[in-house]
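# Breakdown of the fold
Next come the chains, spelled out residue by residue.
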Amino acid sequence: MAYYASSISNANNRILTSNALLFSDTKFSCKNKKSISSSHFSKLSPFFRTAFVSRWARKESAYCHVPSKIKAVLLDESKENVCLTKGNMWSIHKFGGTCVGSSDRIKNVGEIIVNDPSEGKLVVVSAMSKVTDMMYDLIHKAQSRDDSYTAAADAVFEKHKSTAMDLLDGDDLASFLSRLHHDVNNLKAMLRAIYIAGHATESFSDFVVGHGELWSAQMLSYVVRKSGQNCKWMDTREVLIVNPTSSNQVDPDFVESEKRLEEWFSKNPCKIVIATGFIASTPQNIPTTLKRDGSDFSAAIMGALLRARQVTIWTDVDGVYSADPRKVSEAVILKTLSYQEAWEMSYFGANVLHPRTIIPVMRYDIPIMIRNIFNLSSPGTMICRTSTDDNEDGQKLDSPVKGFATIDNVALVNVEGTGMAGVPGTASAIFSAVKDVGANVIMISQASSEHSVCFAVPEKEVKAVAEALQSRFNQALHAGRLSQVAIVPNCSILAAVGQKMASTSGVSATLFNALAKANINVRAIAQGCSEYNITVVVKREDCIRALKAVHSRFYLSKTTIAMGIIGPGLIGGALLDQLRDQTAVLKEEFNIDLRVMGITGSRRMLLNEVGIDLSRWRELTKENGEVADLEKFTQHVHGNHFIPNTVLVDCTADSRVASYYHGWLRKGIHVITPNKKANSGPLDQYLKLRALQRLSYTHYFYEATVGAGLPIISTLRGLLETGDKILQIEGIFSGTLSYIFNNFKGSRLFSEVVAEAKQAGYTEPDPRDDLSGTDVARKVIILARESGLKLELSDIPVRSLVPEPLRATASAEEFMTELPKFDQDMAKERQEAEEDGDVLRYVGVVDVVRQEGRVELRRYKKDHPFAQLSGSDNIIAFTTMRYKEQQPLIVRGPGAGAQVTAGGVFCDILRLASYLGAPS
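Overview of the structure. (Residues numbered from 1 in each chain as written. Predicted model: local features only at pLDDT ≥ 70, side-chain atom pairs only at ≥ 80, totals over all residues. Heavy atoms only, no water.)

With 11 bridges joining them, strand β15 (residues 403-416) and strand β18 (residues 484-497) adopt antiparallel strand pairing. Within β18, the position partnered with valine 410 by the bridge is cysteine 491. Where β18 meets strand β20 (residues 533-539), 7 bridges bridge the pair, whose relative direction is antiparallel. Across the sheet, residue isoleucine 493 finds its bridge partner in β20, namely valine 537. (Pairing = 2+ DSSP bridges. Helix = DSSP H or I, 4+ residues; strand = E, 2+ residues; numbered from the N terminus.)

Where helix α19 (residues 507-517) contacts helix α20 (residues 543-553), the two axes come as close as 9 Å, and the packing angle between them is 130 degrees. Comparing their axes, α20 and α19 come out oblique. The way α19 lies across α20 gives a crossing that is right-handed. Facing α19, whose interface residues are Thr510, Leu511, Asn513, Ala514 and Leu515, α20 presents Ala546, Ala549, Val550 and Arg553. (Axes fitted to C-alpha atoms, helices over the stretch in contact; angles between N-to-C directions. Parallel < 35°, antiparallel > 145°, perpendicular 65-115°, else oblique. Left-handed = near helix turned anticlockwise from the far one by under 90°. Contact = heavy atoms within 4.5 Å.)

Next up on the list: helix α7 (residues 131-143). Residue pairs three or four apart in sequence face the same way in an α-helix, which turns once every 3.6 residues. The first and last C-alpha atoms of α7 sit 19 Å apart over 13 residues, in line with the 18 Å expected at 1.5 Å per residue. Within the sequence span of α7, burial applies to Val131, Met135, Leu138, Ile139, Lys141 and Ala142. Looking straight down α7, one finds its buried side chains confined to an arc of 165 degrees; they lie on one side. For α7, the elements touching its buried residues are α8 (149-167), α9 (170-197), α10 (202-209) and α11 (211-226). Count one or two residues on from α7 and you reach arginine 145, which has phi positive near 55 degrees. (Expected span 1.5 Å × (residues − 1). Buried < 20%, exposed > 50% of the residue type's maximum accessible area, 1.4 Å probe, protein only. Arc of directions from axis to C-beta.)

Counted at 1.5 Å a residue, the expected span for helix α34 (residues 898-915) with its 18 residues is 26 Å, and the 26 Å between its end C-alpha atoms agrees. Every buried residue belonging to α34 is among Thr901, Ala902, Gly904, Val905, Phe906, Asp908, Ile909, Leu912 and Ala913, and all of these are buried. Buried residues along α34 sit in contact with β21 (559-566), α21 (570-590), β22 (592-600), β25 (645-650), β26 (670-672) and β27 (700-701). Glycine 917 lies just past α34 and shows a positive phi near 120 degrees.

So yeah, pure geometry; function would need other evidence.
Written out as structure tokens, the structure is:
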């Protein structure tokens, strides 16, 4: 609309004429009436001529006289018609501000256009990156009477001038710079009018901000023409007609727009059209914009008008992700989405398209491609009528969920009361009050009892909503018909979207199971009858963890577990080395992503935000370690909301660490340990721990507390869970004592065998810890409690192999020096056994029938399985109703050593991953 100012010579008249547009709803008297010749007027484009008369002729008496010859020119439009061919010959491209953000990027866009083999190409462009914001800033500065608006306008001019000088030369450059200089001068005059008045109408603002698209479209058209292409640029205000709605949106007038498009092509026949995005006109030819995501909308409308083969939206991402990659690093690119899926995901905050962008193309089944201009090798995402085989997206073939989206910063409003049930119009009154304050209802949930209505609104609007409802239902609240209008702030919405959800049973169960296992509490639920999405409301601080949990559950990402390793000694160190060697295989082949976020000993700890490099964990602990703090360690490992599941692995033998288990489980932290202290400690604490475990979805695994890597606990549980009845459990539970008594034969001395075991590393640093029998007693207590017996450690009689006089000896070295003095006692027991054809074995016994346990040195015949052991093997015999005394169920194998114990702990970690959704 720069023709207003161009038809008036001096600056004062430019300002005055600008005021006529600026205050189009205010009566002004034109002091300087100037006649405009019909010859000059006829040179204007049809859009400008129509706009001029529609704006001026309606106020002819207030402004000036429009000569009849000009009216005749307007009415005598050219009748020539060039038939516009529509259909698959056309491809539509849309390039956003980042795509045309610099001269190099504009050249790149030009190459993409030229290389497209389509017969007809219509290209929609946005303003250069940041230019729209700069234009809005001009208006803001002028309205605020900030004199710097002129300098800001000069900055806009310089940005486009420097870009044009990089791209163009000769007549093209001169022509563009002349137009740019002319436009910016007119803008300054109009901004001066705003400066004087102190405000601007919406139509004027729309007119000003649309200049960015005009300039980028012109520059790109010159670039394409330089390559010898038949290309013209289109001011879409001449073609796209829209009707503004009350909700700050616009509805396209397809009939009128199609008519104007055909008229435009009849006068501008070409193969390539560079069209302005974002801007359009009202039926009264007043400039306007298409509001949010306007350029995408422009491309979709153009695609529908031309019945195009495809609309390609060029952006700076590889396509549509299964979830926000900033929140879920393992989010994948979806190769296809249905229109409905894209619609749902975009409504719930996914960076896809605005829902209205999809409406024009759906009518003609035109696919939309989302492509990355900076990664042309990426195929992108196709949005079409129905999505193709899910396997192409790397999902399960039967996966019903395509992706997940979230909306943050929402609040729940709950209106409840017994007086609502069965009363017509209650819901209408509630949402009428919400509408009156202009709030947007994002989600609604109501139970069939009609006792309450719950809905979500943006948090910034909840105060006004609450006040409106309190006012509307003031009488009902005082009378008790409504009990409360409650607000739940700090919420987020999580939506699972998929077209196949409607025909697949169990989707809701899978979703809520994943949330439960991640210890996420759901505040509200909604699902429409179309079943394209399931929506839940969770606490804001739980949102990312919830998103990660459900994303993993539906196989769209790895099952990710944040791990903290406590006690990097023999067992912990061996476990870390096993994790180092196997982590990549688990991630690649089994979709299990184990990330060690922290390692702590008694003195130092190592923390990392994304996962410790296990190939260097020892060096990193020395270089980057800090003072150990178990509370800080726990907070670090569990506080990472990008990982939905947390497990702490206690590889110590410390009762202090074991005392934290209950608190960890209550926080939703899984616990895995070979530490026997918790399960063999005070009975009331054990029962409290197991009760909490059964009530929650948090897991507590301790297979390695008995038998190291042998499946003792799991075998016992399997027998009990399948209905078998345990009669007795008997076993050699100590690898150290197994080795000692397997080698205590012939003429060998007991002290000699103990020294050999110590030197081989089978015993604790102080062998009395093994010989006392306490470790075996703890294992007996653990198995007794698993079998249902309620025993304390003090209830177990233990045969100690430490001679009474040496139990208080100061050091292990002194004990080993004095031990040979007592060899005679053990030699006597061995001789008596051998004379009867028996061998000595140190065993633990759980007698379920008598409800007791004991640790003792027993004699067995040489053909008994316990007499057949070698090395440090363990052996456990289960006598049950199914497995009688003559043929008990026997588990045998290595029961000691850091490697096998760490392997048992590792098995528990993988069992946890399986429980959390990893494929079996």
